[in-house]
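Observations on the three-dimensional arrangement
Below, each chain spelled out in residue letters.
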Amino acid sequence: MADQLASRLESQHIDDPQDQDQEDNEDEQHHSDDDDSDDQAKAKRTYHIVLHNTTGLPIQVSAWPVRASTHSDYLLRTYKGADFHDSVLPNGTVSTDEHFTIGQMRGPKHLDPRKRWGWVFVDLVHPDGTKVHLQLYIKLDRKGLHEATIGHTDLDSNVKNPQSSGQVGSKGKQDDGNKIVFEIDESLKTLQNAVDDSVKHGIKTVPGKGIETHSYVSHKLARASLLIGSEARYHEFAAPVLPDRLSKVRHTVHEIEGVSSRYIGAFVENDGKAWFEGHVKVHPVTGIAKGSGFDSTAETVAVFGNGAVINYGFHDAGEGRHDMVYVYATPEYSNWLGDLITSNPAWKDMPFSKLCLAAAHDAGMFGKLDAGLDLLIKQGKLGNALASHAESNIATPVVHFLVAMLEDVKLRPERVINNIALTQKDTFADQLKIGVRFFDFRPGFCFHDVIYLKKGVIHHQHAMVPGCTYLQFLTDIFNFLGDHTSEIVVVELKSDGFVVREDKVRNGEVVVYSMIPNEEELAGVMEEARQATSDGGRAVVIASAQDLDRPIGELIESNKRLIIIDRVHHPDDWDRGDSYDHVSYNTTNPATILASLEKTYSECSHPQDPAPGKPSKGTIYQLQATPTANIKMDVAASITYSDCSSLLTFMKPQMDRTTYPWIAGKTFDDPGNVILLNDFVDGVLVEHALDVSRRRAGL
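Residues numbered from 1 in each chain as written. Predicted model: local features only at pLDDT ≥ 70, side-chain atom pairs only at ≥ 80, totals over all residues. Heavy atoms only, no water.

Counting secondary structure elements, the protein contains 19 helices and 36 strands. The proportion of buried residues among the 699 residues of the protein is 57%. Sequence-distant contacts, at least 24 apart, represent 72% of the contacts inside the protein between residues at least 6 apart. If you sum the accessible surface of the protein, you get close to 27900 Å²; carbon and sulfur atoms cover 50% of it. (Helix = DSSP H or I, 4+ residues; strand = E, 2+ residues; numbered from the N terminus. Buried < 20%, exposed > 50% of the residue type's maximum accessible area, 1.4 Å probe, protein only. Contact = heavy atoms within 4.5 Å. Areas by Shrake-Rupley, 256 points an atom, 1.4 Å probe, with all protein chains shown as cover.)

Structure, rendered in structure tokens:
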């Protein structure tokens, strides 16, 4: 990932030079202008920037993702404006001195009518670590200081509107010499960071694209900055104000216009240090996007560091839809159940069924296209195999259309499969580290094997597309549980969507095997996984649905920390409601799915006695959309545009900004476990599950 993100894209012009009224801030002009043979003259027009700090608080130099000038790349810088030439102090420099010189700026030559300007970024740091973000704007002419102001840091600021989120404090002044002094006084200590994030929609002369951004930040040291064309915004942690208990997804819609590509960038910092960067250019008419960090859905995997995790994605929509960007920065929840018990031992006495669990939908659908299926596609045999062997009620016209496209195009089948079939991006180990504790896993033999009377390796199956292996899945869980001795994982085994569900017999002979493994075959993989794991993992005891109502502490003490619910062979072991139905979820309209969630909630969220001999009834609330109505357009887009044209990525942030607030507003009185199922699992999902668990337990 680091190597990919090291590649920078060439930036686009933001301001029209014709509108700058003879004022120029270009690198080239300044480099030639600063070729001054008279050092004394150069020193005379160099001004030192001094902060007179009477607040008693430390001042810290801060970096933000900006361009030094209109021809440079976006980088984390402590200044904006080529004039400074790296003369501002480094990011993170802290001073408690009353007088603090943070850098210098050189003005134009004596006969040069143009002006020079720039911004320097600093923070006032409170004892609790919260910061007041300030930007110092300086404009020089040939006589000296023309303008100096303090404002709220706003990455949208430009020479026409240099303090676009408001001027604060007093103006800077030039002393008798070459110092520009800013008063950092008591009035600035109590400021709340305020940024005007409104978007500017001008009159379009050429039909253009829209880009929607989504961000969520709950980690106290994280900050996400999003840049779209000439607009920018940042999102950092702010303590929720009652009655809110959680942070919220922020959403903005931007327009890009004209006929040349526009830049989209995402920067995330952790404790003031660069952590993640993604860059892409989007053409305003075609929507085609190229870049680094966002250029493949399969590679936009979770980034961990300093107790935090970033989940992110980009959808290259092509013409007719908005592009989507989402960036979430949350704490890492690899040990959340153990942390709850540490904070309050009463959790040990709570029935496990009181917990709400973050869940991965089609948990094993990540990674590269399986070589066996790839070969079947490239040989042009997949369509005939489906026609001959698949269940007629499962191999729908959608599947047949997909197969026809794959075989007709014979180009990059992995692109089509990845953009349509992948429901997760992160490995099982990382899903567990994010905080997922319920896995929808569908173990089966591969379609391209069973049609040739081979069983081969058991994989997660999505119709006829194989994902990760069952062995890898179980091995990762055992290893995780061996390292995290207070965590409990639930696995629900299913066979939904398999295209061959039973052996095919002709003339008394089996000609095609069922994709569904028997219990002995599944048990064999379980034992193989045990042998491949650590001593701690091998010691884990397998539990069943009957253990869901047992106290959490009892499950931990008995080491029954992997609960397997086999709905393939024992579908009645656990009774649970489920919000999913094919009609409601086959949509790109979040309101339709919200209605289905409401219906399930009204049916399930109330006290109910369990059936005799069974655990408390649980409920699965599915938060992802599974639209297939527009699959022809999406297959075409996935071939035509890029490796980041996943329809599920297009839907995810739209669903998240709708379903996560819905979860926060419900009490969930369901008698058994509440399961929050989603595609592309993230830390926001885990936070909402934890919040529901706390409210259900009253702890």
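This is not the end of the story, as more comes after the structure.
Note on placement: Glu487 falls in the loop between α11 (470-483) and β29 (489-493). Under the relative-accessibility criterion, Glu487 is labelled buried at 0%. Of note is the side chain of Glu487, whose polar atom sits 2.8 Å from the backbone nitrogen of Gly338. Side-chain polar atoms of Glu487 contact the side chain of Arg437, separated by 3.0 Å. Ignoring sequence-local partners within four residues, the contact set of Glu487 consists of Ser334, Asn335, Trp336, Leu337, Gly338, Arg437, Phe480, Leu481 and Arg561. (Polar contact = N/O pair within 3.5 Å; in protein donor to acceptor, adjacent residues only side chain to side chain.)

Turning our attention to the pattern of salt bridges. Under the defined criterion, the tally for this structure stands at 24 salt bridges. We note a salt bridge from Asp496 to Lys494, for which the minimum N-O separation is 3.7 Å. The partly exposed category is assigned to Asp496, whose relative accessible area is 41%. The exposure class assigned to Lys494 is buried, which follows from its relative accessible area of 8%. Across the pair Lys652 and Asp656 runs a salt bridge whose closest N-O atoms are separated by 2.9 Å. (Salt bridge = Lys/Arg side-chain N within 4 Å of Asp/Glu carboxyl O.)

Next up on the list: the sheet that holds strand β27 (residues 459-462). The 3 strands are arranged β26-β27-β28 in an open sheet whose pairing can be described as antiparallel. At either end of the open sheet lies a strand with only one pairing partner, and these are β26 (443-444) and β28 (465-469). Looking at chain direction, β26 and β27 are connected through 2 bridges and run antiparallel. Along β27, the bridge assignment pairs Gly444 with His459. (Pairing = 2+ DSSP bridges.)

Turning our attention to the nonpolar core. Core analysis: the biggest nonpolar cluster contains 114 residues, and Phe352, Phe447, Tyr470 and Ile552 have the highest contact counts within it. Element by element, the count of residues in this core is highest for helix α18 (residues 647-664), at 8 residues. In contact with Phe447, other than residues within four places in its own chain, are Leu376, Leu382, Ala385, Leu386, His389, Met464, Val499, Val500 and Met515. Counting 27 residues, the second-largest nonpolar core is a separate cluster that includes Tyr79, Val132, Ala148 and Val168. (Core = buried A, V, L, I, M, F, W, Y, C linked by side-chain atoms within 4.5 Å.)

With their axes 10 Å apart at the nearest point, α18 and helix α19 (residues 683-697) run at an angle of 15 degrees to one another. It follows from the interaxial angle that α18 and α19 lie roughly parallel. Between α18 and α19 the crossing geometry is left-handed. Within the contact between the two elements, α18 uses Tyr660, Ile663 and Ala664 and α19 uses Val684, Leu685, His688, Val692 and Arg695. Residue composition of the contact of α18 with α19, by class: 6 nonpolar, 1 polar and 1 charged. (Axes fitted to C-alpha atoms, helices over the stretch in contact; angles between N-to-C directions. Parallel < 35°, antiparallel > 145°, perpendicular 65-115°, else oblique. Left-handed = near helix turned anticlockwise from the far one by under 90°. Nonpolar A, V, L, I, M, F, W, Y, C, P; charged D, E, K, R; others polar.)

The strand order across the open sheet formed by 8 strands is β32-β33-β29-β25-β24-β36-β35-β34, and the pairing between neighbours is parallel. Since the sheet does not close on itself, it has two edges, and those belong to β32 (542-543) and β34 (576-578), each with one partner. With 5 bridges joining them, β29 and strand β33 (residues 562-566) adopt parallel strand pairing. Note on β33: the bridge partner recorded for Val491 is Ile564. Sheet contacts for α11: β25 (438-441), β29, β32 and β33; angle to β29, the most-contacted strand, approximately 165 degrees. Strands β34 and β35 (618-622) of the sheet are contacted by helix α16 (residues 590-604), whose axis makes an angle of about 170 degrees with β35.

Attention now goes to the confidence of the model for the protein. Here the protein shows a mean pLDDT of 86. Residues at 70 or above account for 85%. In this model, residues 1-32 is a region of pLDDT below 50 whose contacts with residues beyond four sequence positions or in other chains number 77 contacts. Ignoring residues within four places in sequence, the model shows residues 202-207, a span with pLDDT below 50, making 13 contacts including any to other chains. (pLDDT = per-residue confidence, 0-100.)

So, on to helix α8 (residues 413-421). Within α8, 7 of the 9 residues are buried, leaving the element largely enclosed by the surrounding structure. Listed as buried for α8 are Pro413, Arg415, Val416, Ile417, Asn418, Asn419 and Ala421.

Let's shift gears to α19. Between its first and last C-alpha, α19 extends 21 Å over 15 residues, near the 21 Å set by a 1.5 Å rise per residue. Most of α19 sits inside the fold, with 13 of its 15 residues counted as buried. Just past α19, the residue Gly698 takes up positive phi, approximately 70 degrees. (Expected span 1.5 Å × (residues − 1).)

Moving on: the environment of Gly291. Relative to the assigned elements, Gly291 resides in strand β20 (residues 289-292). Remark: the alpha-carbon pair of Gly291 and Val280, spanning 11 residues in sequence, is separated by 3.9 Å.

The next thing to look at is the environment of Gln174. Locating Gln174 in the fold gives a position in strand β12 (residues 173-174). Residue Gln174 is classed as partly exposed on the basis of its relative accessible area of 32%. Along the primary structure Gln174 and Val50 are separated by 124 residues, whereas in three dimensions their C-alpha atoms are 10.0 Å apart. Those residues in contact with Gln174 that lie beyond four places of it in its chain are Tyr47, Gly144, Leu145, Lys179 and Ile180. Only 3.0 Å separates the side chain of Gln174 from the backbone nitrogen of Leu145, close enough to count as a polar contact.

Along any regular strand, the residues point their side chains to alternate faces of the sheet. As judged from the 4 bridges shared by strand β3 (residues 64-67) and strand β4 (residues 74-77), these two strands associate in the antiparallel manner. Bridge assignment links Pro65 to a residue of β4, and that residue is Leu76. In this antiparallel pair of consecutive strands, β3 and β4, the connection spans 6 residues.

Let's shift gears to a nonpolar patch on the surface. Taken together, the side chains of Leu453, Val505 and Val510 define a hydrophobic patch exposed on the protein surface, amounting to about 220 Å² of accessible area. Mapped onto the elements of the fold, Leu453 is located in the loop between α10 (447-450) and β27. Of the residues examined, Leu453 reaches a relative accessible area of 38% and is grouped as partly exposed. (Patch = residues over 30% accessible without salt bridge, like charges linked within 9 Å, V, L, I, M, F, W, Y side chains within 5 Å.)

Time to look at the pairing of β33. For β33, the tally of buried residues reaches 5 of 5 residues, placing the bulk of the element in the interior. Neither face of β33 is left uncovered, since the one carrying Leu562, Ile564 and Asp566 and the one carrying Ile563 and Ile565 both have all their residues buried. Handedness of the crossover joining β32 and β33 through helix α14 (residues 552-557) is recorded here as right-handed. (Right-handed = clockwise from strand over helix to strand, strands pointing away.)

Now for the side chain of Thr153. Among the secondary structure elements, Thr153 is positioned in the loop between β10 (144-152) and β11 (167-168). For Thr153, a relative accessible area of 0% gives the class buried. Thr153 has contacts with Trp64, Phe121, His133, Leu134, Gln135, Val195 and Tyr234, leaving out every residue within four places of it along the chain.

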